[in-house]
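# What the coordinates show
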Amino acid sequence: MQPKIYHAQSEAIITASLVEVFTNLDDQTRLAAHMEKRSMMMLGGRMSYEFDAAQGRAVGSVIRMGGSFLGLRLFVSEIVTERTPPTTKRWETRGSQRMLVIDSYVMGFDARRTAGGTAVRVFIDYRLPPRLPGRWLGLLFAPFYARWCVSRMVKDVSRHFGSLTEPGVAA
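In this report, the structure presented in the accompanying data block is examined.

Definitions and limits used
- Residues numbered from 1 in each chain as written.
- Predicted model: local features only at pLDDT ≥ 70, side-chain atom pairs only at ≥ 80, totals over all residues.
- Heavy atoms only, no water.
- Helix = DSSP H or I, 4+ residues; strand = E, 2+ residues; numbered from the N terminus.
- Buried < 20%, exposed > 50% of the residue type's maximum accessible area, 1.4 Å probe, protein only.
- Contact = heavy atoms within 4.5 Å.
- Areas by Shrake-Rupley, 256 points an atom, 1.4 Å probe, with all protein chains shown as cover.
- Core = buried A, V, L, I, M, F, W, Y, C linked by side-chain atoms within 4.5 Å.
- Patch = residues over 30% accessible without salt bridge, like charges linked within 9 Å, V, L, I, M, F, W, Y side chains within 5 Å.
- Salt bridge = Lys/Arg side-chain N within 4 Å of Asp/Glu carboxyl O.
- Phe/Tyr/Trp six-rings, centres within 6.5 Å; stacked < 30°, edge-to-face > 60°.
- Pairing = 2+ DSSP bridges.

### With respect to the overall build of the chain
Helix and strand counts for the chain come out as four helices and eight strands. Written out in order from the N terminus, the α and β elements of the chain read β-α-α-α-β-β-β-β-β-β-α-β. Taking all 171 residues of the chain together, the buried fraction comes to 45%. For the chain, the share of sequence-separated contacts (at least 6 apart) that also reach a separation of at least 24 residues comes to 54%. Here the chain has roughly 8800 Å² of accessible surface; of this, 56% comes from carbon and sulfur atoms.

### Let's talk about the nonpolar core
One finds Ile 14, Ile 102, Tyr 105, Met 107, Ile 124 and Tyr 126 to be the most contacted residues of the largest nonpolar core, which totals 35 residues. Contributing elements (two or more residues each) for this core: strand S1 (6-14), helix H1 (18-26), strand S2 (46-51), strand S3 (62-69), strand S4 (72-84), strand S6 (105-114), strand S7 (117-126) and helix H4 (134-161). The dominant element in this core, judged by the number of residues it contributes, is H4, at nine residues.

### A few points about a nonpolar patch on the surface
Together, Leu 137, Leu 140, Phe 141 and Phe 144 give the surface a local cluster of nonpolar side chains, amounting to about 390 Å² of exposed area. Considering the arrangement of structural elements, one finds Phe 141 in helix H4.

### Focus on the packing of aromatic side chains
This model, assessed by the stated rule, comprises five aromatic pairs. An aromatic cluster is built from Phe 22, Trp 91 and Phe 109, whose rings are joined through pairwise contacts.

### Quick notes on the side chain of Asp 26
Along the polypeptide, Asp 26 turns up in helix H1. A relative accessible area of 4% places Asp 26 in the buried class. With sequence-adjacent residues up to four places away left out, Asp 26 is seen in contact with Gly 56, Arg 57, Arg 83, Lys 89 and Phe 109.

### Here we look at the pattern of salt bridges
For the structure shown, the criterion picks out nine salt bridges. In this structure, Asp 110 and Arg 121 form a salt bridge, with 2.4 Å as the shortest nitrogen-oxygen distance. With Asp 110 in strand S6 and Arg 121 in strand S7, the pair connects residues that are eleven residues apart, well separated along the chain. For the salt bridge of Asp 156 with Arg 159, the shortest nitrogen-to-oxygen distance reads 3.3 Å. Remark: Arg 159 and Asp 156 occur in helix H4; sequence separation between them is three residues, near one turn of the helix.

### Notes on the pairing of S4
With six bridges joining them, S4 and strand S5 (residues 88-93) adopt antiparallel strand pairing. Across the sheet, Ile 79 pairs through a bridge with Glu 92, a residue of S5. Taking the residues between adjacent antiparallel strands as the criterion, S4 and S5 are bridged by three residues.

Given below as structure tokens:
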């Protein structure tokens, strides 16, 4: 039996062209900047990034994150699985991860031209850790963390260009 997949997403209409929005979101350092800053959501922890030569801008590109959370060492390895400029990008975890409340995941964004700008949606589909206590922690905290993460990505692009709508989060 496959573990349940959970979902969170955030959307907004950005006042920039489709190409500008894709270029901004395609920059993994900009997209994940919220993870590199100490925050309450990370309880003072932060992550740092390591990229291959393609820097997350090609299918097969590898992105590694490492850091700490409550004194525990964390590690995540991702690979870009789909990239169709200027509309779509997907990446997912590969190999063994060391995270607390989320296990494996697929993340991505979709962008499309709309009246007045570009509609953008950032999402995460994730599984909870298979073992205790991570599974319990995941049931309690993963929904909050997932919503925070996708909303930060959309808010960051909204702040960069401006938006016609306030970024919204859906579970």
